[in-house]
Amino acid sequence: MSESPRPDPTELTSKLTFYRRLTAALAIVVVFLGIVVVAQLTMNTGSAAPAAQPTTSSSPEVPELARRDPDDPMALGKVDAPVALVQWTDLRCPFCAAVHRDTIPTIIEEYVDKGLVRLEVRDVAFFGEQSEDAAVAARAAGEQGRFFEYLDAVYAAAPDSGHPDLPREKLIAFAKEAGIPDLDRFTAHLDDPAVRAAAQASTAEAQRLGVSAVPFFVANDTALSGAQPVAVFRDFLDRAIAQKG
C-alpha cells in the first residue's frame, strides 16, 4: 500500500487501528484452528481426550472473548475476576458431560468461588436438531436463573459415549429436576423464536471463530480442547492467572 509523503494524521491513525484489529482477529483464528485439529482427532477416536498441552498465541493483541456481563445467566463468578474462562459446550456431547461432571465442580470450588476465575458458557449445536433444542432449553432455564442447574441435570443423565436422545418431553423433565419454578414459562420459552435465534447465533459465532469440536476452552490468549484431567486445567488456569500478575 502506498502513502503520500505527508499523510493526514487522522487518516493514518484510522488505518493503523484497522490493521491492528485485523491482526488480532487473524491471530485468534489461528489459535482456534490449531486447537480444533486436535479436538477433531479426539472426537473421531471415540475415546476420552488425551492430556494435550494447551496452545498459546504469541500475539499480544488477541481480543478478549469474555463478555463480563453482570446479568449473564450463563456465567458464574465475579465480573472483574482476573481471568475469564470461556467454555463452548453441546448438551449432547459425551465429552462435555464428562468435563462438566468431573472437572467443572473443581474449577468452581478452587477458582471461581475464590474470585480468581469467571466461567462463561457458550452453547453450540454440533450434533443435530436435538442439540439446538437442548441449547434452547438451557437458555430457557437461564431465564429463571437455573442455567447451571439445568446443565447438571442433563449431563448427570448423559451416557459415557454416544449422543443421547433429548426429545421435548425429556427437556421438560430435566427442567423439573433442575428446580425451575415456572414450568409454563419454561415451556413457552422453548417455542420462543428469539431464544432459538440466540442459540443459533451462538453456534454460528463458534463456527466463525474456528471452534468445531467441544468441549473447548479459552483463557486469556490460550486455548484448551477436550475433557482433560483436572491437573491439566489447574495448570492451564494457573498460567492464565500468572499472566494477569
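Calculation criteria
Numbers given for residues are sequential positions, taken from 1 along each chain in its written order. In keeping with the predicted nature of the model, local features appear solely for residues at pLDDT of at least 70, side-chain atom pairs appear and are counted solely at 80 or more, and the whole-chain, interface and lining totals rest on all residues. Hydrogens and water molecules were not included; the side-chain quantities draw on all heavy atoms of the structure. UniProt positions are given in the numbering used here, feature names are shortened, and annotations may be inferred rather than shown by experiment. Here a helix means four or more residues in a row that DSSP labels H or I, a strand means two or more in a row labelled E, and each is numbered from the N terminus. Think of it in three bands: residues with accessible area under 20% of the maximum for their type are buried, residues over 50% are exposed, and the middle band is partly exposed, with areas taken using a 1.4 Å probe on protein chains only. Only heavy atoms matter for contacts: two residues are in contact if any of them lie within 4.5 Å across the pair. Per-residue accessibility takes into account occlusion by the displayed protein chains alone, with areas from the Shrake-Rupley method and a 1.4 Å probe. Aromatic rings from Phe, Tyr and Trp, with only the six-membered ring used for Trp, were paired whenever their centres fell within 6.5 Å, and each pair was classed as stacked if the ring planes differed by under 30 degrees, edge-to-face if by over 60, and tilted otherwise. Any Lys or Arg side-chain nitrogen found within 4 Å of a carboxyl oxygen on Asp or Glu counts as a salt bridge. By nonpolar core is meant a set of buried Ala, Val, Leu, Ile, Met, Phe, Trp, Tyr and Cys residues that side-chain atoms within 4.5 Å join together. Each residue carries a pLDDT value, the predictor's own confidence for that position, ranging from 0 to 100.

By the naming in an unreviewed UniProt entry, the chain is DsbA family protein, taken from Microbacterium resistens. What UniProt records for the chain under Sequence similarities (unreviewed entry) is the sentence "Belongs to the thioredoxin family. DsbA subfamily."

A.B. asks: Any chance you could explain the overall build of the chain here in plain terms?
C.D. replies: A count of helices and strands for the chain gives nine helices and six strands. Considering the chain as a whole, with its 245 residues, one finds that 47% of them fall into the buried category. In the chain, of all internal contacts separated by at least 6 residues, the share reaching a separation of at least 24 is 78%. Carbon and sulfur atoms make up 53% of the accessible area of the chain, which totals about 12000 Å².

A.B. asks: How should the packing of aromatic side chains be read in this particular structure?
C.D. replies: Centre-to-centre distance and the angle between the planes together describe a pair of aromatic rings. By the definition in use, this model includes five aromatic pairs. Relative to Phe233, the ring of Phe217 has its centre 4.9 Å away and its plane inclined at 85°; by these criteria the two rings are edge-to-face. You can see Phe217 sitting in strand β5 (residues 216-219) and its partner Phe233 sitting in helix α9 (residues 230-243), a full 16 residues away along the chain. Judged by its relative accessible area of 0%, Phe217 is buried. According to the relative accessible area criterion, Phe233 is buried, its value standing at 1%. These aromatic residues form a ring-pair network of at least three members: Tyr150, Phe174 and Phe186.

A.B. asks: Would you mind showing me how to read the pattern of salt bridges here?
C.D. replies: Side chains carrying opposite charge are able to pair once their charged atoms draw close together. What the rule picks out here adds up to eleven salt bridges. With a shortest N-O distance of 3.0 Å, Arg196 and Asp133 are connected by a salt bridge. Separated by 63 residues along the polypeptide, Arg196 in helix α8 (residues 193-209) and Asp133 in helix α4 (residues 129-142) bring together distant segments of the chain. The class of Arg196 is partly exposed, set by a relative accessible area of 24%. Linked through salt bridges whose partners overlap, the residues forming this network are Arg118, Glu120 and Arg122.

A.B. asks: What is the right way to look at the nonpolar core in this model?
C.D. replies: The tendency in soluble globular proteins is for nonpolar side chains to be buried side by side. With 64 residues, the main nonpolar core has Leu85, Trp88, Leu91, Val117, Tyr150, Phe186 and Phe217 as its most contacted residues. In this structure, Leu85 is in contact with Ile107, Val117, Arg118, Leu119, Glu120, Phe217, Val218, Ala219, Phe236 and Leu237, ignoring residues within four places of it in sequence.

A.B. asks: What should I look at first to understand the confidence of the model for the chain in this one?
C.D. replies: Do not read the predicted coordinates in detail wherever pLDDT is low. Taken residue by residue, the chain gives an average pLDDT of 82. The fraction at 70 or more is 74%. The model gives residues 1-62 a pLDDT under 50, and that stretch makes 74 contacts with residues more than four places away or in other chains.

A.B. asks: Honestly, the environment of Ser202 in this entry has me stumped. Any pointers?
C.D. replies: Tracing the chain through its elements places Ser202 in helix α8. Through-space distance from the C-alpha of Ser202 to that of Trp88 is 9.4 Å; in sequence the pair is 114 residues apart.

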